[in-house]
Each structure stands twice: as C-alpha cells, then as structure tokens.
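The residues making up each chain are set out below.
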Amino acid sequence: MTLPRRPLLAAATALVVPAALLTGPSVTGVAGAAERAPAAHRATAKQATAVGRGGAVSTVDPEATRAGLRVLRHGGNAVDAAVAAAATLGVTEPYSTGIGGGGYFVFYDAKAHRVRTIDGRETAPMSTTADTYRGLSFDEAVNSGLSVGVPGTARTWSRALHRWGTLDLAEALAPATAVARRGFVVDQTFRDQTASNEARFRDIVPTRELFLPGGQLPVVGSVFRNPALADTYDRLGRKGVDWLYGGRLGREIVHTVQVPPKDPAATRNVRPGLMTAADLARYRAVRRAPTHVGYRGLGVWGMAPSSSGGSTVGEALNILENVDLGAVYRADHTKALHDYLEASALAFADRGKYVGAPSSMQPGVLGQLTSQGFADERFCSLDQTKAATKPVPAGTPDGSYDTNCDGVPDQSAAVADHEGLSTSHLTTADRWGNVVTYTLTIEQTGGSALTVPGRGFLLNNELTDFDLAPASPTAPNAPGGGKRPRSSMSPTIVTDHGRPVLATGSPGGSTIITTVLQVLIDRLDFGMSLPQAVAAPRASQRNTADVQAEPAFDRAGLSAYGHTFVDPPAPGEIGAVTGIEFRSGGRMVAVAEPVRRGGGDARVVHPR
Ligand code: GLU
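Treat the numbers as computed from the prediction; the structure is a model and nothing was measured. (Residues numbered from 1 in each chain as written. Predicted model: local features only at pLDDT ≥ 70, side-chain atom pairs only at ≥ 80, totals over all residues. Heavy atoms only, no water.)

Enquirer: Is there a simple way to explain the site of the ligand in this structure?
Expert: Every one of the 16 residues lining the ligand counts as a neighbour, but T423, E443, E462, D465 and G509 are closest to it. The contact in question runs from an oxygen atom of the ligand to an N or O atom on the backbone of S488, over 2.7 Å. Taking G509, its main chain carries an N or O atom lying 2.6 Å from an oxygen atom of the ligand. In the complex, the protein chains occlude 100% of the 290 Å² of accessible area that the ligand would expose alone. Residues that form the shell around the ligand fall into these classes: 3 nonpolar, 8 polar and 5 charged. (Near = heavy atom within 4 Å. Polar contact = N/O pair within 3.5 Å; in protein donor to acceptor, adjacent residues only side chain to side chain. Areas by Shrake-Rupley, 256 points an atom, 1.4 Å probe, with all protein chains shown as cover. Nonpolar A, V, L, I, M, F, W, Y, C, P; charged D, E, K, R; others polar.)

Enquirer: Help me understand unusual backbone geometry in this model?
Expert: Leaving glycine aside, a negative phi is the common case for residues, and trans is the common case for peptide bonds. Residue S306 follows P305 across a cis peptide bond; omega there is 25°. Looking at the element boundaries, S306 is found in the loop between β9 (298–302) and α13 (309–320). With omega at 0°, the peptide bond leading from K390 into P391 counts as cis. In this structure, H113 is a non-glycine residue whose phi angle is positive, near 55°. Mapped onto the fold, H113 is located in the loop between β3 (102–109) and β4 (114–120). Residue classification places H113 among the partly exposed residues on the basis of a relative accessible area of 42%. You will see that A449, though not glycine, has its phi angle at about 70°, which is positive. Structurally, A449 can be placed in the loop between β11 (435–441) and β12 (492–496). What makes A449 buried here is its relative accessible area of 1%. (Helix = DSSP H or I, 4+ residues; strand = E, 2+ residues; numbered from the N terminus. Buried < 20%, exposed > 50% of the residue type's maximum accessible area, 1.4 Å probe, protein only.)

Enquirer: Just to check I follow, could you spell out the pattern of salt bridges for this structure?
Expert: Oppositely charged side chains can form a pair if their charged atoms are brought close together. Under the counting rule described, the total for this entry stands at 31 salt bridges. One salt bridge in this structure joins K386 and D383, with 3.3 Å as the shortest N-O distance. Since its relative accessible area comes to 28%, D383 is described here as partly exposed. We note a salt bridge from R603 to D601, for which the minimum N-O separation is 3.0 Å. Owing to a relative accessible area of 0%, D601 belongs among the buried residues under this scheme. Overlapping salt bridges bring together D231, R235, R248, E252 and R455 as one network. (Salt bridge = Lys/Arg side-chain N within 4 Å of Asp/Glu carboxyl O.)

Enquirer: Could you clarify how one ought to interpret the side chain of S540 in this entry?
Expert: Along the chain, S540 falls in strand β14 (residues 539–540). Polar contacts involving the side chain of S540 include one to the side chain of R542, which spans 2.9 Å. Excluding residues that lie within four positions of it along the chain, S540 makes contacts with Y340, T511, T514, V547, Q548 and I574. (Contact = heavy atoms within 4.5 Å.)

Enquirer: Where do I start with the sheet that holds β14 in this structure?
Expert: Two modes of strand pairing occur in sheets, parallel and antiparallel, and in both the strands are linked by backbone hydrogen bonds. Across the sheet, which stays open at both edges, the 3 strands sit in the order β14-β15-β16 with mixed pairing between neighbours. Across the chains shown, the open sheet's two edge strands, defined by having one partner strand only, are β14 and β16 (565–566). Here strand β15 (residues 547–549) runs beside β16; their pairing, made up of 2 bridges, is parallel. Bridging from a neighbouring strand, V547 pairs with F565 of β16. (Pairing = 2+ DSSP bridges.)

Enquirer: Just checking my understanding: could you explain the nonpolar core for this structure?
Expert: One finds Y295, L317, L325, L520 and I521 to be the most contacted residues of the largest nonpolar core, which totals 81 residues. When residues in this core are grouped by element, the largest group, 11 residues, is from helix α15 (residues 333–354). Grouped together as the second largest cluster of nonpolar side chains are 68 residues, V179, Y245, L249 and A285 included. (Core = buried A, V, L, I, M, F, W, Y, C linked by side-chain atoms within 4.5 Å.)

Enquirer: How should I be thinking about the pairing of β12 in this particular structure?
Expert: For a regular strand, side-chain orientation follows a simple rule: the groups alternate between the two sheet faces. Taking burial as the measure, the 5 residues of β12 include 5 buried ones, the bulk of the element. Across the two faces of β12 the burial is the same, with T492, V494 and D496 and I493 and T495 all buried. Pairing between β9 and β12: 3 bridges, direction antiparallel. Counterpart to V300 in the pairing with β12 is V494. As defined by bridge partners, β12 adjoins strand β13 (residues 499–505) across 5 bridges and the pair is classed as antiparallel. The partner of V494 across the bridge, within β13, is L502. As consecutive antiparallel partners, β12 and β13 are separated by 2 residues, and within that stretch H497 has a phi angle of approximately 50°, a positive value.

Enquirer: Where do I start with the packing of α13 against helix α18 (residues 511–524) in this structure?
Expert: For any two helices packed against each other, the geometry comes down to the angle between their axes and how far apart the axes lie. Axis separation between α13 and α18 bottoms out at 10 Å; the angle between their running directions is 40°. Our classification of the angle between α13 and α18 gives oblique. The interaxial crossing formed by α13 with α18 has right-handed handedness. Counting all contacts with α13, which are made through G309, T312, V313, A316, L317 and L320, the residues of α18 involved are I513, V516, L517, L520 and I521. The class makeup of the residues in the contact of α13 with α18 is 9 nonpolar, 2 polar and no charged. (Axes fitted to C-alpha atoms, helices over the stretch in contact; angles between N-to-C directions. Parallel < 35°, antiparallel > 145°, perpendicular 65-115°, else oblique. Left-handed = near helix turned anticlockwise from the far one by under 90°.)

The structure is reproduced here in structure tokens:
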C-alpha cells in the first residue's frame, strides 16, 4: 500500500493572533522582564497548514517555526533547523522544554537512506535506588531535587549537529538567543501555564523572579524577555556543552538540585536531590537503532527504549494489521474505533510489564514486542464484539506463538499514571530529503519548578516517570542509579519503499502513544488528510477501566460495546501534534495543531 491520496489542504485551519491587538498593563520584572508588546512585534501569526517545497518546519510556536525556517533558507539542513527550533522553544515554551530537560531525536538520513535516533533522555544519579522515592507522595517527589534527572538536551543538540548537521552549536543557538533577548509576546497559553504553577513557582526564589515578573503573572500581550537564558545560550555556544557537563554551569545545576533555592518563608518541604558533578560528567546522548514495524506495506520507525513509544505504537499497529481497518471504517466507523481502543489496551499491557530502561529489559524482548508473530497472538485476545474488562493481561513475548489467548497479569496497571501533559514536538525537513521528528520535554508543565539562578531555565522532574514504589528493584521501570525512566515519547517516521512519506509526534505524557497511533490510523486507514487527522477528536485507551476522550469525540456508539469514558484532565485536550507529509516531486504538507494549546505553526520554504 502507498500513502492514500488526499486533498492537501482539507480541514486546514489558520489561526491569526495579531500582537498589535493585544493590550495589557506594562509590567517590568526583576529577571524575566515583561512589558507591553510594541504594536509591530513579530511572530504571533500562526498557520496550521502549509504546502510547498524546499523544506518545512512545524512546531507549536511561531517563533520556533520561523527560527527553523530561517536556518533552512540560509542553507542549513533539517538537523540544523530542528536544533534552532528546539532551542527557541526553550525560550518560548520554557515550561515544556529546554536545556534542563531531555528528549528523543529521530532523523531520516537522506544520503544513507536510514533512520537514526538519539536517546537524550535524562538519567538518574548513580546513588538512586529502587527505594529513593518510596513513601513520598507524587507531589513531594515532583517538587524536589530528587525528581531532577541529568539533562540530556544540550548533548543531544551537539551530538546531532556534530554527526549530521552543517552548523556549529553557536550558529544553531543564535536565533533562539535573539528571541530570548528581544522577547516574545505572552499569549493566553503561557499565562495559563504560569498560573497553574503559581504556588510552587512562588516558593522557589529564582523561579518566582523569572516567571512572575514584579511578583505578578505575565500579562497577555506583554513582551517576555529572558536575558539570562540569552546569556546562557551565548556561552553554551562559545564554550561548548562541556560547560554544562563538566564546567561551571554544571556545578550550578548540581548546586540547585542539592540545595534547592527555596524562599525561606515557604512552608513546602523541597527535598534536596542526589545529582553530583560526576553524574553530569558521565552523561551520554545515546545513538540507538530505531524500532521498526511494517504496516500495510509501509515502514513505521520509532524510538526504542528508554522510550516505550516505538514498541507500543508498533505493537498496536501490528495487532491492527489483522483487520482491514480501512474497510471496517468505511462500513462502520464505531467498529474500527473499537478495534483501535482494544489494540491500544493490549499494547499498553505489554508496555507496562516489559518496557523500561534498556538495561532492565529481558534480552531480546524488544524484538518480540515489535514482531508480527507476537501481535498476531495478541490479536486473539481482541474481542470484536465487546470491550474487554480492563486491565487486560500482558502477553508472553517468548518467540513461540499460537492462537491461545494466554496472558499474564499486568501489575503495572495498578500503578497510577502520573505522566504530565507537557512536552513539545517538532518536525523539520529540508530540500535534500532529510527529516527530523523530535520530541523534547522537562516532564510536567514547569518541570521541578527549580530554575538555575541567573541562567534562565527550569530543571526537569523526569525521574517521576519511574515507578516510584516498584514491586521489585529489578522491574523494568524501577528507579536505579544511571537508569533512564521509561518515556512515552513517540517521534515517528513512516516510509514507503524506504522514502519518508510522513513524520509526526505529539506531547501529552502516555497519551502521546495513543495520539500518534490515532493520527497514523486516521491518515493511513480512515482516509483523513493529515490536517484532518491532526485536528480529529481523540480518545486514549491505556489499559484502564475508562477511555479518556476529548469532549468532541463521538462516544455514543462505542458505549454499546461496553466502553466507558472520562474527560481528559484540564484543559480537556489530548496532544498538540506536528507533522510533515511528503508528496511526489518534493512537495511537502507541513501541519501543526490548529486549536489545542492555542495552536501551532507550520511553514514551508517555498509556499505553493
Ligand atoms: N515525561 C513524559 C514522557 O517521557 C513526557 C511528559 C509529558 O508529555 O507530559 O513520556
């Protein structure tokens, strides 16, 4: 099968928010200076879809998209553009991304015709044990130095640029530095995200000074400047990432983690973390083989553990390969969505039992989880007529498959899923055929709430993605020294005869997996265009009693199958996706989320 042909612009939605229309009182901050936007302030107009040639960038933010586009226009490649855009997101989306966090960089190398990946996930300090978080509530863990993993983002950028880029780090950071210095226009999303973190931000002195300028929430329409981050990027570019992993910036990060800069008047117990300079020095952004499954004649490439994204999306697709989902959808939409939800639950059961840090997984299990034989065996547990009682048991990925629906209890289903809804995904492509799909995060919106004093960025709380009270210290996602907590990030590339036809990804904690899965089947099976697939109402079944579904998702028919539904946590949205589709003759359709989280921005170098 090739990618179904669809009108390029179906359901394209453009959001335009002129900064000049935004007003509000002028505020001057201590560190993060916010003041009213000058009428001509740039980069607030957004468009959700762009069609053209010569390269494309899609992110959640117009400043980041334009930074990437500028790099492409000046001869940079998709890797350069991805780093420039990601660094800019560190300025404009500082609660979701930045050099205090980590992520997964997936690259289609046009010269080699290969998909390559970098695992830039945060690691636990060496002194972490399976009991480090036992007895702490989730909130106590988040708001502490204990949640902060060794950040991987700066090493990811330098490694990607060094291996595959054309710019050096200083050049790639330059657009972001400029945005940090001149500032960006505060929108409602930024203000809302600050408001939802206000109490804990107030408790940490440098965080309050930076993100509550003048002690107030940033005003919509004001310009938010981060000169400290501009200076940090500037030095990082000049000194190189060893400044972070073995130099002064690293020592400051360690000090912030070990002695959180709490307001003495705050009553919150902000526990010190375990990170040392030696932990920073031993950090590596790791090159890993991508996951791969075949789906309806196409190749689907994703991120291997420490992310569960590639294996879980891949397993669910392999299960769905057992039905002609397109034909089912045309005959009965509800039945096709039932199959999607049930396949997802089965794949999540296996994710929970078998997937975690690579060093803690059974040898060979990843290959089994992504094998068609295992998925075919799992398919026999998918009741075509009714929703199974959740949690469904995990399968036995032992290489010996038949049609007995045997299963083993999925203990992970009992573990509350605390993954946040933060994170950011960006997608870039260049005129030479290279493609990057990159998801990066600091875990929760606002991370650990610990800002490195004077440096303008927040530290992650990624270590709360571990199972904080594991049944056994050898469980795949048990905390441990040097381990990477299991992620759900799912940057994905789809190829047809080895050439990319689609690249996509999403934020949203463990709903990332179901969002990417849903976008893929919406596009590949259900006949939607990519803009329609990105905009479509979502439902997420992660082996829990209830399906989380956006309000616009049609629940009625599925209830007859026995599915029960709950709303997603506030603000009721699942996953602001970005993606690029590749058409014949070098045409690209760049797509960003039209509405969720205020909408994203997609651009091409030469619009049609
Ligand atoms: N920590 C999550 C993960 O690695 C991402 C955070 C989020 O999307 O909110 O899957």
